[in-house]
Amino acid sequence: MKRITMLPALVLSALLLMSGLAFAKDFTIGLILVGPYNDKGYSQAQYEGGKYVEAHMDGAKLIYLDKVNPADRPGLTIPQVADDLIEKGADLIIAGSDDMKDGILEAAAQHPDKIFVHVSGDAAWTGKAPANLGNLFGKMIYSKMLAGFTAAMTTQTGKIGVVGPLINEETRRLMSAAYLGARYAWTEVRGKDAKDLTFNVKWIGFWFNIPGVTADPTQVAGSLYDAGYDVVISGIDTPDNVVVAKQRADAGKKVWALPYDYEKACEGQGDICLGVPYFNWGPGFLKLAKTVAAGTYKPAFEWDAPYWADYNNPDESPVGFMPGPGVTPEVKAALDAFIAKLGSGEVDLFTGPLNYQDGTPFLKAGEKATDKQIWYMQQLLEGMEGLSSPE
């Protein structure tokens, strides 16, 4: 080694590069997941987004803690999790769930030398975030429209049910987007009266089942099927509605289901599965990691639109809609045409007149909603059944 260190600097650098001992620093992502990393839903989609970064960025490493919620890890705080991840070498902390918003703000303030990103939050938009915290989300409203569209193209009863998580601005806009997609398919494609479409949201109280705390999503889905709803859309992190649909189908009922969050949620589920609106976190996480590693990341609010040229492109689109085995060729053709119209702007379903559930105006006739109007929806839309606020 003494001989090497005496060489000119340029020669030494070349030798190190050739031997694989370059000076590039490894980069570690610390990911905080609200549910199990293998839940076949929301948390698994984020976990696989982190693994995508490992596969596409030299020196990248993912560390994570899953099941970070009051039921699985009572008493554990987000600042405590962030401290642990940073101690283990995390250069970037990503908090994955809306309910982490207060804790991640506190953690970011405690570690001003680290970059934090809150997925689904809006603190960087409202000006409440410290200078080292940004927000990232995909425009899932469009994938939810596709789910509602597919459900309405398939239903034979005109009754579509939704197993919803908890009630907040995020879930109100997503459920409303699904309804708008369903109403468009029902009236504009199938030519039926909007009054003959029933769209009912039943909330369980959290993002996934917590025995003794939430309503049981399998019971909620079952009650919808038993009441004549032949398509049930999931708004929760786990595919419980698909399990129930298979049970009902095995008993001779003609029913369908749409899970949520995870691209592969329909795999192996058979013809009862119509498709899944899913998050594709890989491209967004990769962009974050590269800019943070380069020192060029500027924390901001990012609400990324789909890649309309190829909606399910794994390297480009932050959200997707994967048609399931139950989608007929006719429905698939109608779905493709609908995607094209959304992408070109020919169809904008967040255009007035639209009223809230209580009849007060959301959008005037001809008014197109801004991102902030959609993000901060105060109620479900007129024509929908279900609660707009917690009881």
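Residues numbered from 1 in each chain as written. Predicted model: local features only at pLDDT ≥ 70, side-chain atom pairs only at ≥ 80, totals over all residues. Heavy atoms only, no water.

1. Details of the domain arrangement of the chain
Quick note on the threshold: Segmentation into domains, and thus their bounds, comes from an automatic or database assignment. When checking whether two residues touch, look at their non-hydrogen atoms; a contact exists if any pair is within 4.5 Å. In this description, buried area is defined as the sum, over both parts, of the accessible area (probe of 1.4 Å) that is lost when the two are combined. Whenever Lys or Arg places a side-chain nitrogen within 4 Å of a carboxyl oxygen from Asp or Glu, that contact is recorded as a salt bridge. Each polar contact in these results corresponds to two N or O atoms within 3.5 Å; when the atoms are within protein, one needs to be able to donate a hydrogen and the other to accept it, and residues that are neighboring in sequence are counted only if both atoms are side-chain atoms. Segments assigned H or I by DSSP are reported as helices when at least four residues long, segments assigned E as strands when at least two residues long, and all are numbered from the N terminus. Gly falls in the polar group here, along with every residue not listed as nonpolar (Ala, Val, Leu, Ile, Met, Phe, Trp, Tyr, Cys, Pro) or charged (Asp, Glu, Lys, Arg).
The domain boundaries assigned to the chain delineate domain 1 (27–138 + 281–304) and domain 2 (140–278 + 320–385). Using C-alpha coordinates to define each centre, domain 1 is positioned 28 Å away from domain 2. Taken together, the 24 residues of domain 1 in the interface contact 21 residues of domain 2. With both chains or domains summed, domain 1 and domain 2 bury close to 1800 Å², and 65% of this area falls on carbon and sulfur atoms. The interface formed by domain 1 and domain 2 contains zero salt bridges. Linking domain 1 with domain 2 are nine residue pairs in polar contact (both at pLDDT 80 or more), by the criterion used here. Secondary structure elements with two or more residues in the side of domain 1 that touches domain 2: helix 3 (42–56), helix 6 (123–126), strand 5 (133–138) and strand 11 (301–304). Looking at the side of domain 1 that touches domain 2, the element that brings in the most residues is helix 3, giving four residues. For the side of domain 1 that touches domain 2, the per-class residue count stands at eight nonpolar, nine polar and seven charged.

2. Focus on the UniProt feature "domain: ABC transporter substrate-binding protein PnrA-like" (unreviewed entry) in the chain
Just so we agree on the cut-off: UniProt positions are given in the numbering used here, feature names are shortened, and annotations may be inferred rather than shown by experiment.
Here, the residues flagged by UniProt with the feature "domain: ABC transporter substrate-binding protein PnrA-like" (unreviewed entry) are residues 28–265. Its end C-alpha atoms 28 Å apart, residues 28–265 is made of 40% helix and 19% strand.

3. As for the packing of aromatic side chains
Working definition: an aromatic ring pair is given by the centre-to-centre distance plus the angle between the planes. The line we're drawing: When two rings of Phe, Tyr or Trp (its six-membered ring) have centres within 6.5 Å they constitute a pair, described as stacked for plane angles under 30 degrees, edge-to-face for angles over 60, and tilted for the intermediate range. Remark: exposure states derive from per-residue accessible area (1.4 Å probe, protein chains only) relative to the maximum for the residue type, with buried under 20%, exposed over 50%, and partly exposed in between. We count a charge as sitting over a ring when the NZ of a lysine or the CZ of an arginine lies within 6 Å of the ring centre and within 35 degrees of the ring normal.
As enumerated under the stated definition, the model contains 25 aromatic pairs in all. Measuring from centroid to centroid gives 6.5 Å for Tyr42 and Trp281, while their planes differ by 90 degrees, and the two rings are edge-to-face. On the criterion of sequence distance, the pair formed by Tyr42 in helix 3 and Trp281 in the loop between strand 10 (275–279) and helix 11 (282–294) is long-range, its members being 239 residues apart. Each member of the pair, Tyr42 together with Trp281, is buried. Residues Phe206 and Phe208 carry aromatic rings whose centres are separated by 5.2 Å and whose planes lie at 80 degrees to one another, so their mutual orientation is edge-to-face. Site record: aromatic cluster; members linked through ring pairs are Tyr42, Trp125, Phe137, Tyr260, Phe279, Trp281, Phe285, Phe301, Trp303, Trp375 and Tyr376. Its guanidinium or amino end placed over the ring of Trp375, Arg173 lies 3.8 Å from that ring's centre, counting from NZ or CZ.

4. Some words on the pairing of strand 6 (residues 159–164)
Our working definition: By definition, the crossover connecting two strands over a helix is right-handed if that path, from the first strand to the second, turns clockwise as seen with the strands pointing away from the viewer. Two strands are said to pair when DSSP picks up at least two bridges between them.
Within strand 6, five of the six residues are buried, which leaves the element mostly enclosed by the surrounding structure. For the crossover that starts at strand 6, traverses helix 8 (residues 169–189) and ends in the parallel strand 7 (residues 198–203), the hand is right-handed. Sheet topology note: the strand 6/strand 8 (residues 231–234) ladder contains four bridges and is parallel. Paired with Val163 across the bridge in strand 8 is Ser234.

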